[in-house]
Amino acid sequence: MDPNNIPISGNLDAQTIKGLMEMYGVFGLLPFSERIIHPVLNFVVKIRCDLAHGNVSFYEASNQILWSELLEDKEKIAIYLAQVLQNIENYIDNHRYKT
């Protein structure tokens, strides 16, 4: 794959990850439904962008975070992304990219 053919601009939110997987035909089981993982990923991307662009201070961003849910959300994201990477590895190992 030529990196110029991968339409990524900025952060990878849930919809971008899903779109890339569909675009390249990378399929496999995922540990969470879209209804569960999309809001978590999208929130992280939003907070990160707001911080990076100076739209909010660290103090303001920390007030938007439910700290009691932070560890659970971090674990969900790690599990989800590990499975996405496993699906990509299976895609490559099984030469599903060949036409």
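The rules behind the values
- Residues numbered from 1 in each chain as written.
- Predicted model: local features only at pLDDT ≥ 70, side-chain atom pairs only at ≥ 80, totals over all residues.
- Heavy atoms only, no water.
- 1 Å grid on protein atoms, 1.4 Å probe; cavity = no way out; pocket = protein on both sides within 12 Å on 5 of 7 lines; lining within 4 Å.
- Points joined across faces, edges and corners; volume = space filled by probe spheres on them.
- Helix = DSSP H or I, 4+ residues; strand = E, 2+ residues; numbered from the N terminus.
- Nonpolar A, V, L, I, M, F, W, Y, C, P; charged D, E, K, R; others polar.
- Axes fitted to C-alpha atoms, helices over the stretch in contact; angles between N-to-C directions.
- Parallel < 35°, antiparallel > 145°, perpendicular 65-115°, else oblique.
- Contact = heavy atoms within 4.5 Å.
- Core = buried A, V, L, I, M, F, W, Y, C linked by side-chain atoms within 4.5 Å.
- Buried < 20%, exposed > 50% of the residue type's maximum accessible area, 1.4 Å probe, protein only.
- Polar contact = N/O pair within 3.5 Å; in protein donor to acceptor, adjacent residues only side chain to side chain.

Peer 1: Teacher, can you tell me more about the layout of surface pockets here?
Peer 2: Unoccupied space between atoms shows up once a probe the size of one water molecule is rolled over them. Looking at the largest pocket, its volume works out to about 330 Å³. Residue lining of the largest pocket: 14 residues in total, with L12, L20, M21, V84 and I88 positioned closest to the centre. In terms of residues, the lining of the largest pocket owes the most to one element, helix α4 (residues 67–93), which gives 5 residues. Of the residues that constitute the lining of the largest pocket, the class distribution is 14 nonpolar, no polar and no charged. In this structure, the second largest pocket spans a volume of roughly 240 Å³. Every element with two or more residues in the lining of the second largest pocket is listed here: α2 (34–52) and α4. Counting residues per element, the lining of the second largest pocket draws most heavily on α4, at 5 residues. A class-by-class count of the residues in the lining of the second largest pocket yields 8 nonpolar, 1 polar and 3 charged.

Peer 1: Before we go on, may I ask you to explain the packing of α2 against α4 in this structure?
Peer 2: If you want to describe how two helices pack, look at the angle between their axes and the distance between the axes. It is the contact of α2 with α4, at a shortest axis distance of 10 Å, that shows an interaxial angle of 105 degrees. By the angle between their directions, the pair α2 and α4 is classed as roughly perpendicular. Contact residues: I36, I37, V40, L41 and V44 in α2; D73, K76, I77 and Y80 in α4. The class makeup of the residues in the contact of α2 with α4 is 7 nonpolar, no polar and 2 charged.

Peer 1: Sorry, what's going on with the nonpolar core here?
Peer 2: Across soluble globular proteins, you tend to see nonpolar side chains buried next to one another. Core analysis: the biggest nonpolar cluster contains 11 residues, these being A14, I17, M21, V26, I37, V40, L41, I77, Y80, V84 and Y91. Mapped onto this core, the elements with two or more residues apiece are α1 (14–24), α2 and α4. Looking at which element gives the most residues to this core, the answer is α4, with 4 residues. Dropping the residues within four chain positions of it, V26 is found in contact with M21, N87, I88 and Y91.

Peer 1: Can you help me understand the environment of S33 in this one?
Peer 2: Note that S33 resides in the loop between α1 and α2. What makes S33 partly exposed here is its relative accessible area of 33%.

Peer 1: It is not clear to me how the environment of Y91 should be interpreted in this structure. Could you clarify?
Peer 2: On the secondary structure map, Y91 appears in helix α4. On the basis of relative accessible area, Y91 is assigned to the buried category, the value being 6%. The sequence separation of Y91 and G25 amounts to 66 residues, and the corresponding C-alpha distance is 8.3 Å. Once residues lying within four places of it in the same chain are set aside, the contact partners of Y91 are Y24, G25, V26, R96 and Y97. Of note is the side chain of Y91, whose polar atom sits 2.8 Å from the backbone oxygen of Y24.

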